[in-house]
Amino acid sequence: MEQDTETLLVKLDKEAEIPYLGWAVQSHTKQEPFIWDPTKVELFLHDKQTGAVNIDGTELLKELAHLPVANANMLDFLTRNIDLIPQEWQKDEHGKNRQIYFWGTIYLGHGWAVSVRRLSFREGQWFSGQLWTGNTWDSTMPCVIIKP
């Protein structure tokens with residue numbers, strides 16, 4: 001059974017949800033509404049996330065500023081529609097579980113830590129979470145880019 005267009009609409013143009021008590025949105029890049037199509041999104045790794053190289057999250061945030069990174073509204077859409085998440089997003093080419101980030105929305109978390117939200121695959125299922133940008137990002141931590 002096919003889903004209608006309205007049920008596949010990702011409202012990237014609305015305000016971001018506040019996922020945790022005490023959190024606030026620091027920045028939120030609104031984008032055009034998006035009809036879910038996995039061929040129009042890709043997982044992106046910065047050059048400094050490949051191989052044995054890692055990148056600090058605060059540096060990565062600056063590096064991603066010019067790219068069409070998906071905001072947290074896409075993460076919220078996918079957590080409500082788990083069956084739409086592409087299976088290949090679960091693990092990288094080395095069989096390691098991925099953590100997929102949505103850098104279009106940046107939050108101020110507990111203690112005002114700057115954080116970005118993610119989807120993580122572990123123990124056979126998807127989980128929503130977050131990570132402080134002061135951490136380092138490696139090859140298992142891509143972000144979602146919306147293709148033109």
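Look up a bit, the structure's there.
Here's a quick rundown of the structure. (Residues numbered from 1 in each chain as written. Predicted model: local features only at pLDDT ≥ 70, side-chain atom pairs only at ≥ 80, totals over all residues. Heavy atoms only, no water.)

## With respect to the environment of Trp89
Tracing the backbone shows Trp89 in the loop between helix H2 (72-80) and strand E6 (99-101). Placed 53 residues apart in sequence, Trp89 and Pro142 show a C-alpha to C-alpha distance of 9.6 Å. Discounting residues that sit within four places of it in the chain, Trp89 has contacts with Trp36, Val41, Leu43, Leu78, Arg98, Ile100, Trp126 and Val144. (Helix = DSSP H or I, 4+ residues; strand = E, 2+ residues; numbered from the N terminus. Contact = heavy atoms within 4.5 Å.)

## Notes on the pattern of salt bridges
For the structure on display, the rule yields five salt bridges. The partner of Glu17 in a salt bridge is Arg80, with the nearest N and O atoms 3.3 Å apart. Note that Glu17 is positioned in the loop between strand E1 (9-10) and strand E2 (24-28) and Arg80 in helix H2, a separation of 63 residues in sequence. You can call Glu17 partly exposed: its relative accessible area is 31%. A salt bridge links Asp76 to Arg117; its shortest N-O distance comes to 2.7 Å. Separated by 41 residues along the polypeptide, Asp76 in helix H2 and Arg117 in strand E8 (residues 114-122) bring together distant segments of the chain. With respect to burial, Asp76 and Arg117 carry one shared label: buried. Each of Lys14, Glu17 and Arg80 takes part in one network of salt bridges that share partners. (Salt bridge = Lys/Arg side-chain N within 4 Å of Asp/Glu carboxyl O. Buried < 20%, exposed > 50% of the residue type's maximum accessible area, 1.4 Å probe, protein only.)

## Re unusual backbone geometry
The phi angle at Trp112 is positive, at roughly 65°, despite the residue not being glycine. Of note, Trp112 is situated in the loop between strand E7 (105-108) and E8. Of note, the phi angle at Glu123 is positive, near 50°, even though the residue is not glycine. With respect to the helices and strands, the residue Glu123 is situated in the loop between E8 and strand E9 (125-132).

## Thoughts on the side chain of His46
By secondary structure assignment, the location of His46 is in the loop between strand E4 (41-44) and strand E5 (55-56). His46 gets classed as buried once you look at its relative accessible area, which sits at 12%. Here Lys48 takes part through its backbone nitrogen, which lies 2.9 Å from a polar atom of the side chain of His46. Engagement of the side chain of His46 in a polar contact is seen with the side chain of Glu63, the distance being 3.2 Å. (Polar contact = N/O pair within 3.5 Å; in protein donor to acceptor, adjacent residues only side chain to side chain.)

## Some details on the nonpolar core
One finds Trp36, Met74, Leu78, Trp89 and Phe102 to be the most contacted residues of the largest nonpolar core, which totals 21 residues. Those elements that provide at least two residues to this core are H2, E8 and strand E11 (143-146). The dominant element in this core, judged by the number of residues it contributes, is H2, at four residues. The contact partners of Phe102, leaving out residues within four places of it in the chain, are Ala70, Asn71, Ala72, Met74, Leu75, Leu78, Val116, Arg117, Arg118, Leu119 and Val144. By size, the runner-up hydrophobic cluster in this structure holds 13 residues, among which are Leu64, Val69, Cys143 and Ile145. (Core = buried A, V, L, I, M, F, W, Y, C linked by side-chain atoms within 4.5 Å.)

## Some details on the packing of aromatic side chains
Geometry of an aromatic ring pair is reported as the spacing of the ring centres plus the angle between the planes. In the structure shown here, the tally under the stated rule is eight aromatic pairs. With 6.2 Å between their ring centres and 85° between their planes, Trp36 and Trp89 make a pair best called edge-to-face. Here Trp89 lies in the loop between H2 and E6 and Trp36 lies in the loop between strand E3 (34-35) and E4, a separation of 53 residues in the sequence. Ring pairing ties together the aromatic residues Phe34, Trp36, Phe77 and Trp89, which thus form one cluster. Geometry around Phe127 places Arg122 over its ring, the cationic atom sitting 4.0 Å from the centre. (Phe/Tyr/Trp six-rings, centres within 6.5 Å; stacked < 30°, edge-to-face > 60°. Lys NZ or Arg CZ within 6 Å of the ring centre and 35° of its normal.)

On their own, these measurements won't tell you what the molecule is for.
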